[in-house]
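Structural features, examined
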Amino acid sequence: MSTAPDAETLQAARRAPGGLLLALITAAAFGTSGTLAKPLLEAGWSSGATVAARVGVGALVLLVPALLSLRGRWHLLRSHAGLIAVYGVIPIAGCQWAYFNAVQRLEVGVALMLEYLGLVLVVGWLWLRHGRRPRRLTLTGVALSLLGLALILDLTSATGVDPIGVGWGLLAAVGLAAYFILSARETNGLPPLVLATFGLAVGAIALLLAGAVGVLPMTMSTDDVAFAGRAVPWWTAVLALAVVAAAVAYAVGIAAARALGSKVASFVGLTEVLFAVLFAWLLLGELPSWIQLVGGALIVAGVVAVKLDEAEPLADAGVEPDATLAA
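Before going into details, it helps to say that this report is about the structure given with it. Bear in mind that the values here come from a model prediction, so they are computed numbers and not experimental data.

Within the protein chain, the regular secondary structure consists of 15 helices and two strands. Within the protein chain, the proportion of its 327 residues that are buried is 50%. Excluding contacts between residues fewer than 6 apart, the proportion of contacts in the protein chain whose partners are at least 24 apart in sequence is 87%. When the accessible surface of the protein chain is totalled, it reaches about 15,000 Å², and 69% of it is carbon and sulfur.

Quick look at the structure:
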C-alpha cells in the first residue's frame, strides 16, 4: 500500500500557514457572538430579535458573494431546498436562539462550553443512526466531557448555576450537533457560501414569522448598550454582531476549511471557547471560576479525543464532514 500523501493533503500543507490564520480569525469571529449579544439582551432585546438581526443582516452582507459563486445555477437552490430550510431553522436559528437564551442566564464562557457538548452528541447519533459503535478513545472523550460538564455546573457549590440557563445551553448543543450532521451531507455542487447565505436568510425568515404569529417574543430597544464600561449606540452592537459574528465568521470559516481541510479546521475552531472567554472578560468583565475553566478544558479535551477517534473510520469511508464551527 502506498504511503505517499494524496494531492489534497499536499495542497492543504502548502496552504496551511494562511489557512491556520483564517481558522483563528474564524474562531475569534464566532467567539464574539455571546459578548456582542449579551448587552443587547440586557438592554431589552429579546433573544429572538437578537438572533434575527444577526442572521438577517449577515445574510444581506453575504448575498452578493453567494450569488456570484452560484453563477446562475438556480437549479441547485431548488434541488437542495429541503437541506437549506432545515439548515436555516435548526443549526442556525434554533442553535443561536438557544445559545442567546443561555447567555441571558449564564456567563458567556459557560454557555459556550455547554454548547460544545454538541460535538459529543454526534457520536451518539452515528451510533444510533448508522451503527457506528464508539471505540475506546471516543468513550474516553465522552467521559471527559461529562466530567467537564459536572465541573462547569459547579455541583459542589451552594449556589451552582441557573438550571434554566443550563437547559438552554444543552439545547444549543443539540443545535450544534445538527450543524455538524447536516454539514457532513454531500451537497452535489452546492457552494458552501450559498448554503451559509441562504441558510442565514431562511433562519431570519423563520424567526420573523414566529415573532409575527406571537410564538416567539420579538422586542427591541433603542437604548445604548455598555461595553467595557462605555455606552455605545444599539445599532453599533447589532452591526458588529451581524458583520463579525455572522458574515465574516461564516465566509472566512469556509475559506479556512478549504485551505486546511475540515478536520484540521475543526480542531483549530476549538479555540473559539478561549476567544469567547477572553472577549467576555475584556468587554463584559465576566470570567468563569477556576473550576469551571477546568471543566471547559476537560470538555475540549474530550472533543479532541472524539475527533481523533473518528478521523480513521471517516477516512476509510471516504467521508470528511465539513466541521467549521458556529455559536
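Nonpolar side chains collect at one region of the surface, where Leu278, Trp281, Leu282, Leu283, Leu287 and Leu293 lie side by side and expose about 530 Å² of accessible area between them. No other element matches the four residues that helix α14 (residues 272-284) contributes to the nonpolar patch. By the secondary structure assignment, Leu287 is in the loop between α14 and α15 (290-317).

This brings us to helix α4 (residues 47-70). Over its 24 residues, α4 runs 32 Å from end to end, which matches the ideal 34 Å to within 8%, given 1.5 Å per residue. The largest bend along α4 reaches roughly 45 degrees and is located at Leu63, with the proline Pro65 sitting one to four residues downstream. Directly beyond the C-terminal end of α4, a positive phi value near 55 degrees is found at Arg71.

At their nearest, the axes of helix α7 (residues 108-115) and α14 sit 8 Å apart, and the two run at 165 degrees to each other. As far as their axial angle goes, α14 and α7 are roughly antiparallel. Taken as a pair, α7 and α14 cross one another with a handedness that is right-handed. Residue-level inspection shows Val108, Gly109, Leu112 and Met113 of α7 in contact with α14, the latter providing Glu272, Val273, Ala276, Val277, Ala280 and Leu284. In terms of residue class, the contact of α7 with α14 is made up of eight nonpolar, one polar and one charged.

Another aspect to go through is the pattern of salt bridges. Under the definition given, this model contains one salt bridge. Here Asp162 makes a salt bridge to Arg105, at a shortest N to O gap of 3.1 Å. Here Arg105 lies in helix α6 (residues 81-105) and Asp162 lies in the loop between α9 (136-152) and α10 (163-183), a separation of 57 residues in the sequence. A relative accessible area of 42% places Arg105 in the partly exposed class.

This part takes up the nonpolar core. In globular proteins that are soluble, nonpolar side chains generally tend to be buried together. Counting residues in each nonpolar core, the largest one holds 80 residues, and the members touching the most others are Tyr99 and Tyr250. Ranked by the residues each element gives to this core, the list is headed by α6, at 11 residues.

As a further point, take the side chain of Asn101. Inspection of the secondary structure puts Asn101 in helix α6. Using a relative accessible area of 8% as the deciding quantity, one classes Asn101 as buried. Once residues within four sequence positions are removed from consideration, Asn101 is found in contact with Ser47 and Trp168.

What follows is about unusual backbone geometry. For Arg71, which is not glycine, the phi torsion reads 55 degrees and is therefore positive. On the basis of relative accessibility, which here comes to 65%, the residue Arg71 falls in the exposed class.

Moving on, we come to the packing of aromatic side chains. Inspection of the entire model under this criterion finds four aromatic pairs. Between the aromatic rings of Trp97 and Trp168, the centroid separation amounts to 5.0 Å while the plane-to-plane angle is 70 degrees, which identifies the pairing as edge-to-face. Here Trp97, found in helix α6, pairs with Trp168, found in helix α10; they are 71 residues apart in sequence, far enough to count as distant. Residue classification places Trp97 among the partly exposed positions, given a relative accessible area of 26%. Taking relative accessible area as the criterion, Trp168 reaches 23% and is therefore assigned partly exposed. Residues Tyr99 and Phe100 carry aromatic rings whose centres are separated by 5.8 Å and whose planes lie at 40 degrees to one another, so their mutual orientation is tilted.

This brings us to the side chain of Ser46. Along the polypeptide, Ser46 turns up in the loop between α3 (33-42) and α4. A polar atom in the side chain of Ser46 sits 2.9 Å from the backbone oxygen of Pro217. Setting aside chain neighbours within four positions, we find Ser46 in contact with Leu41, Pro217, Met218 and Thr219.

With that settled, consider the packing of α6 against helix α11 (residues 192-212). Contact pair α6 / α11: the axes reach a minimum separation of 7 Å and the direction vectors enclose 70 degrees. Compared by their axis directions, α6 and α11 come out roughly perpendicular. Where α6 crosses over α11, the two elements pack in a sense that is right-handed. Contact residues: α6 offers Leu83, Ile84, Ala85, Tyr87, Gly88, Val89, Ile92 and Ala93, while α11 offers Leu195, Ala196, Phe198, Gly199, Leu200, Val202, Gly203, Ala206 and Leu207. The class makeup of the residues in the contact of α6 with α11 is 14 nonpolar, three polar and no charged.

Glancing now at the environment of Glu115. Among the secondary structure elements, Glu115 is positioned in helix α7. The class for Glu115 is buried, based on a relative accessible area of 0%.

Conventions used here
- Residues numbered from 1 in each chain as written.
- Predicted model: local features only at pLDDT ≥ 70, side-chain atom pairs only at ≥ 80, totals over all residues.
- Heavy atoms only, no water.
- Helix = DSSP H or I, 4+ residues; strand = E, 2+ residues; numbered from the N terminus.
- Buried < 20%, exposed > 50% of the residue type's maximum accessible area, 1.4 Å probe, protein only.
- Contact = heavy atoms within 4.5 Å.
- Areas by Shrake-Rupley, 256 points an atom, 1.4 Å probe, with all protein chains shown as cover.
- Patch = residues over 30% accessible without salt bridge, like charges linked within 9 Å, V, L, I, M, F, W, Y side chains within 5 Å.
- Salt bridge = Lys/Arg side-chain N within 4 Å of Asp/Glu carboxyl O.
- Expected span 1.5 Å × (residues − 1).
- Bend = angle between axes of the 7 residues up to and from the residue.
- Axes fitted to C-alpha atoms, helices over the stretch in contact; angles between N-to-C directions.
- Parallel < 35°, antiparallel > 145°, perpendicular 65-115°, else oblique.
- Left-handed = near helix turned anticlockwise from the far one by under 90°.
- Nonpolar A, V, L, I, M, F, W, Y, C, P; charged D, E, K, R; others polar.
- Core = buried A, V, L, I, M, F, W, Y, C linked by side-chain atoms within 4.5 Å.
- Phe/Tyr/Trp six-rings, centres within 6.5 Å; stacked < 30°, edge-to-face > 60°.
- Polar contact = N/O pair within 3.5 Å; in protein donor to acceptor, adjacent residues only side chain to side chain.

None of this, on its own, says anything about what the molecule does.
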